[in-house]
Amino acid sequence: MIAINAYTQAESELYQPRRLREELEKLNVSVDVVRNVCADSRADYDFCIYLDKDKYCARRLEAQGLRLFNRAAAIETCDDKMLTCLALQGFPVPETLSAPLCYTPEEPVSDKLLACAEQTLGYPLVVKECFGSLGKGVFFIENRAQLQDVCNKLQTKPHLFQKFIATSYGKDVRVIVIGGRARCAMKRTGQGFLSNVAAGGTGEKFPLDRKTASLCEGVARRLGLDYCGIDLLFGKDGFLVCEVNSNAFFAAAERVTGVNVAKIYAEYIVDQIYGKEKSPL
């Protein structure tokens, strides 16, 4: 089974399940693409490629004995940007502060919080909603007035403050890791602050050296991921891990690198579930 979000209609999101089904069927594995409308028993399936972020449904499916790619805990950690930062202690990541949770929106934003963020990180800095994809919920902040305005809007939402890495303005590297191995890398360049291809950025093949591959493989191992896209920033002294996407879109990566990401992922799943024979039917 390939599980996708109950409401998704975007072609960029439907490409993934379509390609994975194509490659699995070449390996004699019949799969259904199922929308996560409810977490009914899936005992009739051998596995589930979980292309959603609904943590409740993921947990229900695992409780019913289904092997998820990726596992629910890994998806939950990656979906929350602050949890990702906390889980990656010891890895090179931008300096990050979490915003305190606010349950009373009528209260003004704390001046101490604003002062702490600007004194610790300096300007410009980056504010991110902890939950969000495709570059949404990310703000480039240049002064106290902008910081105050964004914090007013996000006060009741989980968010974080992060040091701006000037050497990586408008560019980063997306590395695809499957089965514990870095498989390909793509440099992404945007028109402004954001580099996401979905936000209008462009991609090009990027050489993947052993040091960078080892960094990304370690990140995937720490987070318990079968598959992921790791976004790296160009720091002064080497790459910094910016974000980890457990369901990273791979259409652009396949197009610019020539690597058949869907095929590699499908082969990995079949090997994990059925062993080396790859003939489950």
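None of the values given here were measured: they were computed from a predicted structure.

Conventions we followed
Starting afresh in each chain, residues are numbered from 1 along the sequence in its written order. Whole-chain, interface and lining totals are the exception, using all residues; otherwise, since this is a predicted model, local features are given only for residues with pLDDT of at least 70 and side-chain atom pairs are given and counted only at 80 or more. Each side-chain value is worked out from all heavy atoms of the structure, with water and hydrogens disregarded. Where helices and strands are cited, they refer to DSSP runs of H or I of at least four residues and of E of at least two residues respectively, numbered from the N terminus. Taken over C-alpha atoms, the radius of gyration is set against a globule rule of 2.2 Å times the number of residues to the power 0.38. We call a residue buried when its accessible area falls under 20% of the maximum for its residue type, exposed when it is over 50%, and partly exposed in between, using a 1.4 Å probe and counting protein chains only. To be clear on the numbers: accessible area is Shrake-Rupley with a 1.4 Å probe, and residue cover counts the displayed protein chains and nothing else. Charged residues are defined here as Lys and Arg on the positive side and Asp and Glu on the negative side; His and the ends of the chain fall outside this count. By convention, the point assigned to a charge is CZ for Arg, NZ for Lys, CD for Glu and CG for Asp. What qualifies as a polar contact is a pair of N or O atoms within 3.5 Å, subject to a donor-acceptor requirement within protein and to the restriction that residues adjacent in sequence count only when both atoms come from side chains. In this analysis, axes come from line fits to C-alpha atoms, helices being fitted only over the stretch in contact, and the angle between any two N-to-C directions falls in the range 0 to 180 degrees. In this scheme, roughly parallel covers angles under 35 degrees and roughly antiparallel covers those over 145, while 65 to 115 is roughly perpendicular and the rest are oblique. Each crossing gets its hand from how the near helix is turned against the far one by less than a right angle, where anticlockwise is left-handed and clockwise is right-handed. The contact definition used throughout considers only heavy atoms, calling two residues in contact when any of these lie within 4.5 Å.

(A) Layout of the overall build of the chain. Within the chain, the secondary structure is distributed over 9 helices and 13 strands. For 281 residues, the compact-globule estimate of 2.2 N^0.38 gives 19 Å, and the C-alpha radius of gyration of the chain, at 20 Å, lies within 12% of that figure. For the chain, the C-alpha atoms occupy an extent of roughly 65 × 45 × 35 Å along the three principal directions. The buried share of the chain, reckoned over its 281 residues, is 49%. Surface accessibility of the chain: about 13,600 Å² in total, with carbon and sulfur atoms responsible for 50%. For the chain, the distance from the average position of its 36 positive side-chain charges to the average position of its 35 negative side-chain charges is 4 Å.

(B) The side chain of asparagine 247, seen in detail. Assignment of secondary structure puts asparagine 247 in the loop between β13 (238–245) and α8 (251–257). Owing to a relative accessible area of 8%, asparagine 247 belongs among the buried residues under this scheme. Here the side chain of asparagine 247 touches tyrosine 50 through a polar contact of 3.4 Å, landing on its backbone oxygen. Here the side chain of asparagine 247 touches aspartate 52 through a polar contact of 3.0 Å, landing on its backbone oxygen.

(C) Looking closely at the packing of helix α2 (residues 55–63) against helix α3 (residues 72–79). Relative to each other, α2 and α3 sit at 165 degrees, their axes nearing to 9 Å. With respect to each other, α2 and α3 are oriented roughly antiparallel. At the point where α2 passes α3, the crossing takes the left-handed sense. Taking contact as the criterion, the partners of Lys55, Ala58, Arg59 and Glu62 in α2 are, on α3, Ala72, Ala73 and Glu76.

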